[in-house]
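# Analysis of the macromolecular model
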Amino acid sequence: MEQIVINGGRPLVGTVEVSGSKNAALPILFATILTSDICTIENVPEISDVSLTLEILREMGAKVKEIDKNTFEIDTREAQSGRSSYELVRQMRASTYIMGVELGRFGNAKVGWPGGCNFGLRPIDQHIKAFEALGASYENANGFISITSDKLIGSSIYFDTVSVGATVNAIMASVLAEGTTVIENAAKEPHIVDLANFLNTCGASVRGAGTDVIKVNGCKKLHGCSYAIIPDMIEAGTYMIAAAATKGKLKIENVIPKHLESITAKLCEMQVDVEEDDDFVIVSYGGKLVNVNVKTQPYPGFPTDMHPQMSALMCLAQGTGRITEGVFENRFRYVEEFARMGASIEVAGETAIIEGGKPLNSAPVRAVDLRAGAAMIIAGLSANGKTVIYDIESIERGYDNIVSKLKALGADIEKIEV
Ligand code: UD1
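One structure accompanies this document, and this report is about it. (Residues numbered from 1 in each chain as written. Predicted model: local features only at pLDDT ≥ 70, side-chain atom pairs only at ≥ 80, totals over all residues. Heavy atoms only, no water.)

## Thoughts on the sheet that holds strand β4 (residues 63–68)
To be explicit about the condition: When DSSP locates at least two bridges between a pair of strands, those strands are taken to pair. The secondary structure listing takes helices from DSSP runs of H or I that are at least 4 residues long and strands from runs of E that are at least 2 residues long, numbered from the N terminus. An axis is simply a line fitted to the C-alpha atoms; with a helix, the fit covers only the stretch in contact. Between two such axes, the angle follows the N-to-C directions and lies from 0 to 180 degrees. Only heavy atoms enter the contact rule, under which two residues are in contact if any of them lie within 4.5 Å.
Taken in spatial order, the 4 strands of this open sheet run β4-β5-β3-β13, and their pairing is mixed. Looking along the sheet, the strands with just one partner apiece sit at the ends: β4 and β13 (226–228). Direction aside, the axes of adjacent strands within the sheet are offset by 20° on average. Lying on the sheet, helix α7 (residues 190–201) is in contact with β3 (38–42) and β13; it crosses β13 at an angle near 165°.

## Re the pattern of salt bridges
Selection criterion: Salt bridges are defined by distance alone: a side-chain nitrogen of Lys or Arg within 4 Å of a carboxyl oxygen of Asp or Glu. Summary of the burial criterion: residues with accessible area below 20% of their type's maximum are buried, those above 50% are exposed, and those between are partly exposed, where the area comes from a 1.4 Å probe applied to protein chains only.
Inspection of every chain in the model, using the stated rule, returns 16 salt bridges. Among the ionic pairs, K415 bridges to E2, the shortest N-O distance being 4.0 Å. Separated by 413 residues along the polypeptide, K415 in strand β23 (residues 412–417) and E2 in strand β1 (residues 2–8) bring together distant segments of the chain. A relative accessible area of 37% places K415 in the partly exposed class. Given a relative accessible area of 26%, E2 falls into the partly exposed group. With a closest N to O distance of 3.0 Å, K266 and E269 form a salt bridge. Of the two residues, K266 and E269 both sit in helix α9 (residues 261–269), 3 residues apart, roughly one turn of that helix. Look at K266 and you get buried, because its relative accessible area is 16%. On the basis of relative accessibility, which here comes to 45%, the residue E269 falls in the partly exposed class. Residues joined by salt bridges that share partners form a network here, namely E2, E396 and K415.

## Considerations on the sheet that holds strand β14 (residues 249–253)
Adjacent strands of a sheet form backbone hydrogen bonds with each other and so pair up, either parallel or antiparallel. The strand order across the open sheet built from 4 strands is β2-β14-β16-β15, with neighbouring strands paired in mixed fashion. Strands with a single pairing partner mark the edges of an open sheet, and in this sheet they are β2 (13–17) and β15 (273–276). Across the sheet, the axes of successive neighbouring strands diverge by a mean angle of 15°, strand direction being ignored. Relative to strand β16 (residues 280–284), β15 is paired through 4 bridges, and the arrangement is antiparallel. Directly across from V274, in β16, lies its bridge partner V283. Against the sheet, helix α8 (residues 233–245) engages β2, β14, β15 and β16, with an angle of about 170° to β14.

## Considering empty space enclosed by the protein
Quick note on the threshold: The way it works is a 1 Å grid over only the protein atoms, where trapped points that fit a 1.4 Å probe form a cavity and open points with protein on both sides within 12 Å along at least five of seven lines form a pocket, and then any residue with an atom within 4 Å of a point lines it. Grid points are joined across faces, edges and corners, and a volume is the space filled by probe spheres set on the points.
Applying the stated criterion across every chain yields a total of 3 cavities of 30 Å³ or more. Considering only enclosed or pocket space, the largest cavity measures out at about 40 Å³ in volume. Considering the residues around the largest cavity, the lining is formed by T238, Y239, A242, A374, I377, I378, L381, I402 and L406. At the level of elements, α8, α12 (370–382) and α14 (402–408) are the ones that each hand at least two residues to the lining of the largest cavity. In terms of residues, the lining of the largest cavity owes the most to one element, α12, which gives 4 residues.

## Description of the packing of helix α1 (residues 22–31) against helix α4 (residues 97–106)
Threshold: When describing relative orientation, an angle under 35 degrees is termed roughly parallel and one over 145 degrees roughly antiparallel, while 65 to 115 degrees is termed roughly perpendicular and anything else oblique. Should the near helix be turned anticlockwise from the far one by less than a right angle, the crossing is termed left-handed; should it be turned clockwise, right-handed. When residue character is reported, Ala, Val, Leu, Ile, Met, Phe, Trp, Tyr, Cys and Pro are called nonpolar, Asp, Glu, Lys and Arg charged, and the others, Gly included, polar.
Two elements in contact, α1 and α4, have axes whose closest approach is 9 Å; the angle formed by their N-to-C orientations is 25°. Looking at the two axes, α1 sits roughly parallel to α4. In this structure, α1 meets α4 at a crossing whose hand is right-handed. Side by side, α1 and α4 meet where L26, P27, F30 and A31 of the first sit next to Y97, I98 and V101 of the second. For the contact of α1 with α4, a count of residues per class yields 7 nonpolar, no polar and no charged.

All we've got here are geometric facts, nothing functional implied.
The following block contains the structure:
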């Protein structure tokens, strides 16, 4: 069992480079199946969700060659549907993408029920709605989802809720369908745009990604390509908050500042100094932190994946702040862990009310999910004394070498084997 041990109270200072986006890398790695060809994917983050995705691709019959730790050549010519094991699929939410790529390429899919972080119910009704609109039928039996079709025909899909996963799957299932598919009320996240750019580089016609109407003109075949993943906006945002929480100053490189706008705006409102340039931001503590109200929303709103990290900073800011969760029904499991560190947080419905302004105490805490784990690291870095974080596997699902990156910025942090 591994733990992270932090001796907190030191400001983070220096330069950190942001890795490739987890939420772009996972759909793009799965989408290589649609090409029946060889793709080279660059700027892939070194995280366990990527290792798991590559292992699932191998189970599906793809040949995966590591060119270097962030570049993979993937040959999907021999891939087949229905081969991914429940043991792997159940570990990750992005396994839902196996449905879209198998249906898109083979006309049928068979996948175990996907896992992932526990934020309450995570239904897939909108994914199924998209597949059915394209002419497929769906069956859920014995823990497996089966989707079959004689022929996929382009159609009109209107989502009842804005879903990243359902938008990705609708695009992936329709790129090789006959005719045009129009996806309305689509998610607008930068990783949707990155997936569309990848598919277009492979010869697809996906237009409008980044807006809420996406048009896919089906084509007969895609070809392989070389493609570099965009930087991870959530990793960048996590370092931005860590800089402010530790009263430090960080230059955060390899970012797209436009993707960080909602985070930058809230930090400025809290009186944190943020300077932007073409591909970096400099974030520094400006002498005080003032509390704010935040509501998480689909992009371009404040990201739900920054919710726990933002709460950590709000515990340190003067006054009362409120953070309202607008995407997932249960993202507040981190609150109990913060209470161990002396935080004063009350949850009422979808809102956490945070009485800030007191330093956090070091304590033993758990990483209850990926982003909650990042929040525990931020809290531990800010608190005087020794914080031990248990159940850290979830942090490694989405943060590339976080311990060594933080060490290079002056943190006293170790990963230990117990
Ligand atoms: C993706 C991200 C995750 C992020 C989330 C929201 C990946 C691998 N994961 O998750 O990090 O937190 O977007 O930005 O990219 N919903 C339905 N029916 C559906 C699908 C979703 O009701 O069929 C609801 C969900 O319960 C949730 C909301 O829609 O309340 C948004 O979920 P969604 O955008 O689908 O999240 P994921 O794609 O699972």
